[in-house]
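Letter by letter, the chains look like this.
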Amino acid sequence: MAHIVVLGAGTGGMPAAYELKDELGGSHEITLINERDYFQFTPSNPWVGVGWRSRNDITFSIEKYVSKKGIKFIAGRVDNIDAANSTLTMESGETINYDYMIIATGPKLYFEEVEGSGPHGGYTHSVCTVDHAEMFYADYQKLLEKGSGHIVVGAMPFASCFGPAYEFALIVDADLRKRKVRDKFHITMVTSEPYIGHLGLGGVGDSKGMLESELRNKHIKWITNAKTTKVEEGKLFTSELDEKGEVYKEHEIDFDIAMMLPAFFGVDAVAKVEGLCNPRGFVMIDEFHRNPTYQNIYSAGVCVAIPPVEATPVPTGAPKTGYMIESMVSSAVHNIEAALDGKEPHAKGTWTALCLADMGDTGAAFLAIPQIPPRNVAWFKKGKWVHLAKIAFEKYFIRKMKKGSSEPFYEKSILKMMGVTRLK
């Protein structure tokens, strides 16, 4: 009997544990390890930031549900990975041996890369965790009581997931309009992207024109190629670069509240393993989602290393969206199954970027096949249906995790709705 550990219980790790159980049955032991004892549905955090969702709506206890599937759960932080000897050391001192491991930790939020940023000891907020989203909402309520102000939303250098920044700017706009106080607040987007709608993907279809139009219609100003260097209380310092990467203009932006997505880095225990990660701590994988150095370690989700789509004046990374993560997880699971059967790995993930971005009362969806241009498909659409699909996605995914289902949501639901039946 082999022991397979899944490290991380987010939107990649939870499905990985369930799919391993479905594929391997009771013949092998599966352990799920997560620093927190609860699952959080990260895509809903922007709604938490304006009070449209609560913690109870998007979180639940992990052990209660995975134990029903015969999966062991450990809540705690892994402090050390001895990859050569296939051993984990927990913060408690407990050691865990494994035969195979799937790393699905997600990223470390690297606030320390920009002085004065971050919700803990800094002056900017984030919606990357439910805790951070709640902290924004607390300060947002104070700003609403004040009655007017300047709200800054955007992304720091080396950020790689830009969709939530656009979502949040437009959700805040929609919330203020619902409250009939939009005229009392200014919103500015400050992003490291070279242009609006770049999204870390070099643009998808007419994402540039469509998102510029959306921001313009909602009276949201923007600064692109923004290399934010420092944040002080109520003031954000950013250098606007030109196409050559030289400083075009310096900005000192006064704000009342700011939500700036940070750069991502590998989590500490993973990043420090020699031969496992690239210089920014992301797990290096081959086409089978297996680490080339330690071939009993697989990885899926935001924590994997993939190259940027293109060089940009301010460094940007490439996003790992939901369908891509779903595909990575399935690939890793089936290749571990093959290895246990004495066969060579064969399953490969689909490098396709698919995203549903809510805009409060409408939404935008994009599909890029493959992620890196030139593409076979570059599809970008806006409509009320995306807003409704995002709500359906939230409800379906949380229900699916509570039921212990490993059924692929994107392939069977979202892609069908978009008229795409098969991806290559």
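Remember, predicted model here, so these are calculated numbers, not experimental data.

Colleague: How would you sum up unusual backbone geometry? Please name residues and give values.
Modeller: For the bond from Ile369 to Pro370, the omega torsion is -10°, close enough to zero to count as cis. Relative to the elements of secondary structure, Pro370 occurs in the loop between strand S21 (363-369) and strand S22 (377-382). The phi angle at Phe158 is positive, at roughly 70°, despite the residue not being glycine. With respect to the helices, strands and loops of the structure, Phe158 is situated in the loop between strand S11 (149-155) and helix H6 (163-178). Under the relative-accessibility criterion, Phe158 is labelled partly exposed at 34%. A positive phi is found at Leu199, a non-glycine position, where the angle reads about 65°.

Colleague: Help me get a handle on the pairing of strand S9 (residues 100-103), residues and values and all.
Modeller: In S9, alternate side chains face the same way, and those of Tyr100 and Ile102 on one face and Met101 and Ile103 on the other are all buried. Sheet topology places strand S1 (residues 3-7) next to S9; four bridges connect them, and they run parallel. By the bridge assignment, Leu7 is partnered in S9 with Ile103. By the bridge criterion, three bridges tie S9 to strand S19 (residues 297-299) in an arrangement that is parallel.

Colleague: Describe in detail the packing of aromatic side chains, supporting the description with residues and values.
Modeller: Centre-to-centre distance and the angle between the planes together describe a pair of aromatic rings. Under the criterion given, the structure shown has eleven aromatic pairs. On the numbers, 5.2 Å between centres and 80° between planes, the contact of Phe60 with Tyr65 is edge-to-face. Residue classification places Phe60 among the buried positions, given a relative accessible area of 6%. By relative accessible area, which is 13% here, Tyr65 ends up buried. Three or more aromatic residues joined by ring pairs form one cluster here, namely Phe39, Phe41, Phe60, Tyr65, Phe393 and Phe397. In this structure, Arg280 packs its charged tip against the face of Phe158, placed 4.1 Å from the ring centre.

Each value, and the rule that gives it
- Residues numbered from 1 in each chain as written.
- Predicted model: local features only at pLDDT ≥ 70, side-chain atom pairs only at ≥ 80, totals over all residues.
- Heavy atoms only, no water.
- Helix = DSSP H or I, 4+ residues; strand = E, 2+ residues; numbered from the N terminus.
- Buried < 20%, exposed > 50% of the residue type's maximum accessible area, 1.4 Å probe, protein only.
- Pairing = 2+ DSSP bridges.
- Phe/Tyr/Trp six-rings, centres within 6.5 Å; stacked < 30°, edge-to-face > 60°.
- Lys NZ or Arg CZ within 6 Å of the ring centre and 35° of its normal.

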